[in-house]
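# Notes for the structure review
If you want the building blocks of each chain, they are given just below.
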Amino acid sequence: MRKLNKIAASAMAVVMAGSMMAGCSSSSSDNKSTNPSTETKAPAASEDATKDATKDASTEAPVAEVKQPEVSSTGKKLNIWCWNNEFATRMMLLPGYEVNNKKKPEDGGKLGDVEVSFTMVDNKDNAYQDALDAALDKQADADADNKVDLFLVEADYALKYVDDDCSDDVYKYIAKESTSDMFQYTKDVMTSADGVLKGVSWQGCPGLLFYNRDIAKDVLGTDDPTEVQKYVSDWDKFNETAQKMVEKKYYMVPSVNDAFRVYQNNVTSKWVDDSKNLVIDDNLKAWAESSKALYDMKATTNDELWAGYDNAKNGGCFCAFGPAWLINFCFGYDAEKIEKGTADMTNVANAGKWGACEGPQSFNWGGTWMVPATGTDNAAEIQKIMLALTCDASVMKSIVTTYDDFVNNQKAMEEMANDKNYSSYILGGMNPLGLYLEGAKKISMKNITIYDQGCNEEFQTAMKAYFAGDSSYDQAIASFKKNLKSKYPAINVD
């Protein structure tokens, strides 16, 4: 049975010692939970769109030649563990990958002679982690077709797997030089105490404030991003604008939870300190008080985060905070078409009805990393996937143009940010990549812990009664601590 190493204070210091420059994700999560979740599926690209994107990716000038590690495979089945079908849709852009059913990317496919299979478990309430841990515990004794080969993790619990022997050294699969254009912090997060890189991400998740253009024109008299930013440039202006929205019968944000990740990503302390004591940062209390004020003025709802987004998608509220995956997964697509497999990026719902600006604060939400599992018998396939989806600029640009996404390749994103021929149809033809890049440069992940998913979920859940007026803030905190202790007995909550 594998041994899950405890992350000590010294280990954490090394993991985060690298310079925190720019950064990306996931999948995440809250991302349903934390990048787009199992409840909101990524649409399959149409067959023609997929062919075109793959053709573009394979015919552009190749990336600079870098000598890659020599790897081989004996397995005939590549098992990938994840929590939704987002990664499966990105695999569709991989040259040489054949999807079993183009309407359902999650059905898997073929990479050469190797069958690709996805195991998907809901990320909520640690369900994915629990199921993955159980599978990894059996890894040494599992037969070839049942071994975990590649698994995905999110920022909220990535550190749990970094210093664990279940994750393998990325540089056994791809050359270090191939990762030079990745945002540095995405590598810092996945670097172990002894300096081994354990995972790489194809996506970047700096957040913006997305706003409804029609409502902006109705209430503010403009939908120009520069002008709208003036109304939300700090939290005082944000709250003043919320009052304007209420006067016109609009919500400001979809739910009380909407701004949580903005506040949480700007904390000055970890949820759990090095002595395993719970720490409730002042910024988290500020979020609770701000959300309570918005709810009391009828500027938002007390809905669950994901249900609240229907208010935004259906034109009932002015704005929402999130990274690129939010505008795509929650606002841009027609759920019925997604389920039928007929949605693609050319027939998105509400296309052009959204704009984007920086908002009161920069933040990061989510991120999905690919982690090679120790004991995999499909090293060659893992190498091909990682090289294509994290290092090949042409493939990564195809991800952006096909899914309106933002990817973990600084050079490619800088080029596209300055490309006058690129624009986001969901965002009314504007090019948001420059905004994402500026946000990415301000991101710090120094305060993440292995407990973040549970802490984030339980804190938001506990505050529901406070927002509704059914408990005081102190009573909500007591409920939070009780539930958190049940989930993580090792944490000192008092």
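In this text, all values refer to a predicted model and were calculated from it rather than measured experimentally.

## What to know about the overall build of the protein chain
From N to C terminus, the protein chain includes 20 helices and ten strands. For the protein chain, with 494 residues in total, the buried portion stands at 59%.

## Details of the packing of helix α7 (residues 213-220) against helix α9 (residues 235-247)
Taken N-terminus to C-terminus, the directions of α7 and α9 make an angle of 90 degrees; their axes are 10 Å apart at the nearest point. Classified by the interaxial angle, the pair formed by α7 and α9 is roughly perpendicular. Here I215, V219 and L220 of α7 lie close against α9, whose contacting residues are T241, K244 and M245.

## Brief notes about the sheet that holds strand β10 (residues 368-372)
Backbone hydrogen bonds hold the strands of a sheet together, and the pairing may be parallel or antiparallel. Across the sheet, which stays open at both edges, the seven strands sit in the order β2-β3-β4-β1-β5-β10-β6 with mixed pairing between neighbours. Among the strands making up the open sheet, the edge pair consists of β2 (97-99) and β6 (200-201). Pairing geometry for β2 and strand β3 (residues 109-111), over three bridges, is antiparallel. Considered in β3, the bridge of V99 is made with G109. Lying over the sheet, helix α4 (residues 127-137) contacts β1 (77-82) and β5 (150-154), oriented at roughly 145 degrees with respect to β1.

## Let's talk about the packing of aromatic side chains
Taken as a whole and assessed by the stated rule, the structure comprises 26 aromatic pairs. Ring centres 6.5 Å apart and planes at 75 degrees place the aromatic pair Y157 and Y161 in the edge-to-face group. Pair check on accessibility: Y157 and Y161 agree, each one buried. With 5.6 Å between their ring centres and 50 degrees between their planes, W271 and F480 make a pair best called tilted. Residue W271 is located in the loop between α10 (260-264) and α11 (282-296), and its partner F480 is located in helix α20 (residues 473-487); the two are separated by 209 residues in the primary sequence. No difference in accessibility class separates W271 from F480, as the two residues are buried. Grouping aromatic residues by their ring pairs yields a cluster made of F260, W271, W287, F459, Y466, F467, Y473 and F480. Stacked on the ring of Y403, the Lys or Arg R90 has its end atom at 4.2 Å from the ring centre. The ring of Y466 is capped by K292, whose NZ or CZ atom sits 5.6 Å from the centre of that ring.

## Structural notes on the side chain of E154
By secondary structure assignment, the location of E154 is in strand β5. For the buried E154, no salt bridge exists, and the shortest N-O distance to an oppositely charged side chain is 7.0 Å, to R261. In terms of polar contacts, E154 uses its side chain to reach the side chain of N123, at 2.5 Å.

## Notes on the pattern of salt bridges
Counted by the stated rule, this structure contains 16 salt bridges. Among the salt bridges present, the one from K172 reaches D168, with a minimum N-O distance of 2.9 Å. A relative accessible area of 47% means that K172 is categorised as partly exposed. Classification of D168 as buried rests on a relative accessible area of 10%. Linking K442 and E358 is a salt bridge whose minimum nitrogen-to-oxygen distance equals 3.1 Å. One end of the pair, K442, is in the loop between α18 (433-440) and α19 (452-468); the other, E358, is in the loop between β9 (354-357) and β10, and 84 residues separate them in sequence. Each member of the salt-bridge network shares a partner with another, and the members are D125, E457, E458 and K487.

Criteria and thresholds
- Residues numbered from 1 in each chain as written.
- Predicted model: local features only at pLDDT ≥ 70, side-chain atom pairs only at ≥ 80, totals over all residues.
- Heavy atoms only, no water.
- Helix = DSSP H or I, 4+ residues; strand = E, 2+ residues; numbered from the N terminus.
- Buried < 20%, exposed > 50% of the residue type's maximum accessible area, 1.4 Å probe, protein only.
- Axes fitted to C-alpha atoms, helices over the stretch in contact; angles between N-to-C directions.
- Parallel < 35°, antiparallel > 145°, perpendicular 65-115°, else oblique.
- Contact = heavy atoms within 4.5 Å.
- Pairing = 2+ DSSP bridges.
- Phe/Tyr/Trp six-rings, centres within 6.5 Å; stacked < 30°, edge-to-face > 60°.
- Lys NZ or Arg CZ within 6 Å of the ring centre and 35° of its normal.
- Lys, Arg positive; Asp, Glu negative; His and termini not counted.
- Salt bridge = Lys/Arg side-chain N within 4 Å of Asp/Glu carboxyl O.
- Polar contact = N/O pair within 3.5 Å; in protein donor to acceptor, adjacent residues only side chain to side chain.

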